[in-house]
Amino acid sequence: QLQSGAVDMALLDSGLVGEATAAGLEIRTIPDVGNVFVILGGSYWGTEALDRDAPWIQADSPEKGKAVREAMSLAIDRKLILDKVLRGQGAEATGPVIQSDAVPQLKDPDAEPPEYDVDRAKQLLAEGGYPDGFDITLFMYPDYIDLPAIGESIAGMWEEIGIKVKR
């Protein structure tokens, strides 16, 4: 549509940047437009909806739940996703959930992104009581730019530490 002139601008999946550039289209990046994050289900503390037994919660042994959450985080190679899926367009988050460099209050200037460490992730998964992993459902959102590829990347990385991911 851009090439034909039917539209003046459009969202572009990162996988099409090379094709668009080769076609002579101008690519403009708009910083601070969105965030991508994983929300683990059942994390509704203080309500009846809390999934007390979820591996990443373990309400009766919260230190084990924390170990599992950390394992899941360390198993994600954020730099690889930025480089290969997002083609270098973006930055690793250092804030809690929602981060915007344009809003300093949403960013911890001293925080560093978690380091990718599969061995440590496996160790923490075992410390959390799941040395052989567990089953999880990861919802994929196909109608949003780049999310399916990011979701598949995370699913594959979790599978490397023994988590069985249903998509």
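Source: prediction; values computed, not measured.

Engineer: Can you help me understand the packing of helix α2 (residues 62–74) against helix α4 (residues 118–127) in this one?
Structural biologist: Two quantities define a packed helix pair, namely the angle between the helix axes and the distance between the axes. Between α2 and α4, the least distance of the axes is 8 Å, while the angle of their chain directions is 160°. In terms of axis orientation, α2 runs roughly antiparallel to α4. α4 is crossed by α2, and the crossing has left-handed handedness. Of α4, the residues touching α2 (which contributes K64, A67, V68, E70, A71 and L74) are V118, R120, A121, L124, L125 and E127. Among the residues making up the contact of α2 with α4, the classes are represented as eight nonpolar, no polar and four charged.

Engineer: Is there a simple way to explain a negative patch on the surface in this structure?
Structural biologist: Together, D108, D110, E112, E115, D117 and D119 give the surface a local cluster of negative charge. Note on D119: relative accessible area 62%, which makes it exposed.

Engineer: How should I be thinking about the pattern of salt bridges in this particular structure?
Structural biologist: Pairing of side chains with opposite charge becomes possible as their charged atoms draw close. One pass over the full model with this rule turns up five salt bridges. A salt bridge links R28 to E26; the nearest nitrogen and oxygen atoms lie 2.7 Å apart. An identical accessibility class is assigned to R28 and E26; each is exposed. Two residues, D60 and R52, come together in a salt bridge whose shortest N-O distance is 2.6 Å. Classification of R52 by relative accessible area gives partly exposed; the value is 41%.

Engineer: Looking at this structure, I do not really get helix α3 (residues 78–85). What am I missing?
Structural biologist: Think of an α-helix as turning once every 3.6 residues; residues three or four places apart then point the same way. Regarding α3, the residues found buried are I81, L82 and V85. In an axial view of α3, the angular spread of the buried residues amounts to 110°, which keeps them on one side of the axis. Considering only its buried residues, α3 is in contact with α5 (147–160). Directly beyond the C-terminal end of α3, a positive phi value near 50° is found at R87.

Engineer: What exactly am I supposed to notice about the packing of aromatic side chains here?
Structural biologist: Two aromatic rings, taken as a pair, are described by how far apart their centres are and by the angle between their planes. Counted under the stated rule, the structure contains two aromatic pairs. Measuring from centroid to centroid gives 5.9 Å for W56 and F134, while their planes differ by 50°, and the two rings are tilted. Residue W56 is located in the loop between α1 (17–22) and α2, and its partner F134 is located in the loop between α4 and β1 (135–137); the two are separated by 78 residues in the primary sequence. This pair shows no difference in class: W56 is buried, exactly as F134 is.

Engineer: Teacher, can you tell me more about the environment of G162 here?
Structural biologist: Here G162 lies in the loop between α5 and β2 (164–166). G162 gets classed as partly exposed once you look at its relative accessible area, which sits at 24%. Here the alpha-carbon distance between G162 and D135, two residues 27 residues apart in the chain, equals 9.1 Å. When near neighbours in sequence (up to four residues on either side) are disregarded, G162 contacts D132, G133 and F134.

Rules of the game
- Residues numbered from 1 in each chain as written.
- Predicted model: local features only at pLDDT ≥ 70, side-chain atom pairs only at ≥ 80, totals over all residues.
- Heavy atoms only, no water.
- Axes fitted to C-alpha atoms, helices over the stretch in contact; angles between N-to-C directions.
- Helix = DSSP H or I, 4+ residues; strand = E, 2+ residues; numbered from the N terminus.
- Parallel < 35°, antiparallel > 145°, perpendicular 65-115°, else oblique.
- Left-handed = near helix turned anticlockwise from the far one by under 90°.
- Contact = heavy atoms within 4.5 Å.
- Nonpolar A, V, L, I, M, F, W, Y, C, P; charged D, E, K, R; others polar.
- Patch = residues over 30% accessible without salt bridge, like charges linked within 9 Å, V, L, I, M, F, W, Y side chains within 5 Å.
- Areas by Shrake-Rupley, 256 points an atom, 1.4 Å probe, with all protein chains shown as cover.
- Salt bridge = Lys/Arg side-chain N within 4 Å of Asp/Glu carboxyl O.
- Lys, Arg positive; Asp, Glu negative; His and termini not counted.
- Charge placed at Lys NZ, Arg CZ, Asp CG, Glu CD.
- Buried < 20%, exposed > 50% of the residue type's maximum accessible area, 1.4 Å probe, protein only.
- Arc of directions from axis to C-beta.
- Phe/Tyr/Trp six-rings, centres within 6.5 Å; stacked < 30°, edge-to-face > 60°.

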